Amino acid sequence: MFYSIRHITRFRYSQPVHESVMELRMQPRSEGPQALRNFQITSNPRAQLYAYTDYLGNAVYHFNVLRAHEELRIDVQAVVEVTPRPAVPQAADALEWQRYNPYNLTDDHFDLMEPSKFAQPSQALRAFALAHDLVEPQSDPLSALRRLSTSIHDAFEYEVGVTQVHSPIDHALAEKRGVCQDFAHIMIAVARGWGIPTRYVSGYLHHRRKGQDRSGEDATHAWVEAYLPSLGWIGLDPTNDIEAGDRHIRVAVGRDYADVPPTRGTYKGEAESELAIAVNVDPTQAPLRHEEFLRVTRPLKPTPPSATAAERLYHQQQQQQQ
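About the cut-offs
Residues numbered from 1 in each chain as written. Predicted model: local features only at pLDDT ≥ 70, side-chain atom pairs only at ≥ 80, totals over all residues. Heavy atoms only, no water. 1 Å grid on protein atoms, 1.4 Å probe; cavity = no way out; pocket = protein on both sides within 12 Å on 5 of 7 lines; lining within 4 Å. Points joined across faces, edges and corners; volume = space filled by probe spheres on them. Helix = DSSP H or I, 4+ residues; strand = E, 2+ residues; numbered from the N terminus. Nonpolar A, V, L, I, M, F, W, Y, C, P; charged D, E, K, R; others polar. Pairing = 2+ DSSP bridges. Axes fitted to C-alpha atoms, helices over the stretch in contact; angles between N-to-C directions.

Let's shift gears to the layout of surface pockets. Of the voids in this model, the largest pocket is the one considered here, and its volume is about 1,200 Å³. Around the largest pocket, the lining is made up of 39 residues, and of these V165, Q181, Y257, L275 and I277 lie nearest the centre. Contributing elements (two or more residues each) for the lining of the largest pocket: β1 (2-17), β2 (19-24), α5 (180-193), β9 (198-205), β10 (221-228), β14 (263-268) and β15 (273-284). Residues belonging to the lining of the largest pocket are distributed by class as follows: 20 nonpolar, 15 polar and four charged. If you add up the space inside the second largest pocket, you get close to 510 Å³. What lines the second largest pocket is a set of 19 residues, among which R85, P86, V88, W233 and A244 lie closest to the centre. Those elements that place two or more of their residues in the lining of the second largest pocket are β10 and β11 (232-237). In terms of residues, the lining of the second largest pocket owes the most to one element, β11, which gives three residues. Residues of the lining of the second largest pocket, tallied by class, amount to ten nonpolar, three polar and six charged.

Once that is clear, we can look at the sheet that holds strand β6 (residues 69-82). Judged by pairing direction, the sheet is antiparallel, and its four strands sit side by side in the order β3-β6-β1-β15 without closing on themselves. Where the open sheet ends on each side, the last strands, each with one partner, are β3 (34-44) and β15. Each adjacent strand pair in this sheet contributes to an overall mean axis angle of 10°, direction not counted. Here β1 pairs with β6 via twelve bridges, running antiparallel. Among the inter-strand pairings, S4 is bridged to a residue of β6, identified as V79.

All quantities given are derived from atomic positions and should not be read as evidence of function.
Right, dumping it as structure tokens:
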């Protein structure tokens, strides 16, 4: 399956600002069953893009807009190929809990077992776990994670605007409402309390099942990946109570949202800002290879027998420059 993604972000300012500094984590990852086939970023005003890979393996782009502007628009387009993932068993074996030991885990795994900025234990989290019999896992890790995902899905309503991007999980726990970011953080906090390395995944969801997914079609998405030593990373989407599959397109992974916001930046000026976002994910045809775009406009001609090697080289160079 190939997906075409377009993600537009627009910042408007109440009066001209004099400088914008922006960092982007919007390039889909290319690993495992997912391969990035095409990607481009354009900004208006135009700016020089710089890129690096962070310690979590996410592609990060950053740029500065130095001249005065009243609007900043970022247009990201990508084509991603997703192949079917191996089937996940119904349950892990009885020894899986014992495999969470220093022989099977690395420093990176242990880092994902600790509290983080948005996935921290609290009184409200403990009350939720007690109410749903989630203080201790009742079965093997995989079955326990599936039950946790279902519990979160059933206990919370999906509603935009109840929480904000920097809201702690206690806000969603109190309101019993929230969005995918909140549900992912709650699941991460509970699973880490069980001793399971768990990470936050930001990306996109193709809404093939119209009206059956709770998350919005015109927004980014977030879900969870948990590590099982015998199975590797398993993706679970508590917002929709499904496993992450070929409709989920991974962009970035981190301890929580603080590690992977699609955009993060600042500007210089006294203006207020307005943010608008549009996301579109559609199936598409396989992208053409670069060679298939080429059209021969001047075919090769036989080289005259009398031409010397130097003359032939000069002739070829001239043809390339025309």
